[in-house]
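Geometric and topological summary
Listed below are the residues making up each chain.
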Amino acid sequence: MRVYNLLNYQVEVEKSAFLNAINAQKPIAITLFGEIIEGEQNTLPAQPYIFVGKPKSLVGSTLIKPTPLAKILGDDYEVKDNGNKISIYAGRAWQEVLKANEPFYLYHDGTSDGITEFSDKELDDLIWYSCEFSINYREVAEFLEENLEGILICVESEKPYHFNGCAYVDNIGEARKKAFEFIKDTLQKRIEDKKIELNNLEDEEEEALKFFGLI
């Protein structure tokens, strides 16, 4: 997967398109790669976003004061005019970024809670079986990150260490297939190494091995 750490990544947007979207005062989304899409969150295609919502107004009204360009997307975003481009820094807007991506990502990973579910039911069902042998979300997610095309958006800092991210895969069918094969191969090796005793299985363990076609 390609990793985009928002602490050192800026989104570049065409200035004319950005100003037109701001002046229209309608809900918009800004993708990780600087495309602007008009629409509510429930109408958007699944892809990584750094902003979803209605921008503030540059001109204001009789009831609302104008908002400086730097804060037009909200207090936690930084927006800069760079000539014919607008640069957007979202490194301090992680909660907004996470909310923007929540309906679309495959999983959310954080330093405190880790990964608690896959949004894809078929992948999530695999963990229901594999956890009988302590193969958890973390192991499967790390395998997917190393072996699939996709995108991981995150904020990651070293001192003190902090990580929060959400992941997308380009091909969910391939993700399901490779995750299944990864778990099956891992369990097969444990059987060969006598770490799993086939004559001493709990009912749930037997059901899991049957699911992966190993007995």
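Residues numbered from 1 in each chain as written. Predicted model: local features only at pLDDT ≥ 70, side-chain atom pairs only at ≥ 80, totals over all residues. Heavy atoms only, no water.

**Some details on the pairing of strand β9 (residues 150–157)**
Rules: For every residue, the accessible area (1.4 Å probe, protein chains only) is compared with the maximum for its type, and the residue is labelled buried under 20%, exposed over 50%, or partly exposed between those bounds. Secondary structure elements are taken from DSSP: a helix is a run of H or I of four residues or more, a strand is a run of E of two residues or more, and numbering for both begins at the N terminus. DSSP-based pairing: two strands are paired if at least 2 bridges between them are found.
Among the eight residues of β9, six are classified as buried, and the element is accordingly described as predominantly covered. Bridge count between β9 and strand β10 (residues 162–169): eight bridges; the pairing is antiparallel. What sits directly across from I153, in β10, is C166.

**Notes on the packing of helix α4 (residues 137–147) against helix α5 (residues 172–192)**
Rules: In this description, a line fitted to the C-alpha atoms serves as the axis of each element, helices being fitted only across the stretch in contact, and the angle between N-to-C directions of two axes falls anywhere from 0 to 180 degrees. In this scheme, roughly parallel covers angles under 35 degrees and roughly antiparallel covers those over 145, while 65 to 115 is roughly perpendicular and the rest are oblique. Two helices crossing with the near one rotated counterclockwise from the far one by less than a right angle form a left-handed crossing, whereas a clockwise rotation gives a right-handed crossing. Residues are treated as being in contact if the distance between any of their heavy atoms lies within 4.5 Å. The residue classification treats Ala, Val, Leu, Ile, Met, Phe, Trp, Tyr, Cys and Pro as nonpolar and Asp, Glu, Lys and Arg as charged. All others, Gly included, are polar.
Between α4 and α5, the shortest axis-to-axis distance is 10 Å and the interhelical angle comes to 120°. Taken as axis vectors, α4 and α5 run oblique relative to one another. Our pair here, α4 against α5, has a crossing hand that is right-handed. Taken together, the residues of α5 that come into contact with α4 (itself represented by E139, V140, F143, L144 and N147) are A175, K178, A179, F182, I183 and R190. Split into classes, the residues belonging to the contact of α4 with α5 amount to seven nonpolar, one polar and three charged.

**Description of the pattern of salt bridges**
Condition: Salt bridges, as used here, are contacts in which a Lys or Arg side-chain nitrogen is within 4 Å of a carboxyl oxygen on Asp or Glu.
All told, the structure shown has 14 salt bridges when counted by the stated rule. We note a salt bridge from E149 to R2, for which the minimum N-O separation is 3.8 Å. Here E149, found in the loop between α4 and β9, pairs with R2, found in strand β1 (residues 2–5); they are 147 residues apart in sequence, far enough to count as distant. By relative accessible area, which is 54% here, E149 ends up exposed. Residue classification places R2 among the partly exposed positions, given a relative accessible area of 35%. Between E206 and K210 there is a salt bridge, with the nearest N and O atoms lying 3.4 Å from each other. Here K210 and E206 lie together in helix α6 (residues 203–211), a separation of four residues that amounts to about one turn. Relative accessible area serves as the criterion here: at 51%, K210 is assigned to the exposed category.

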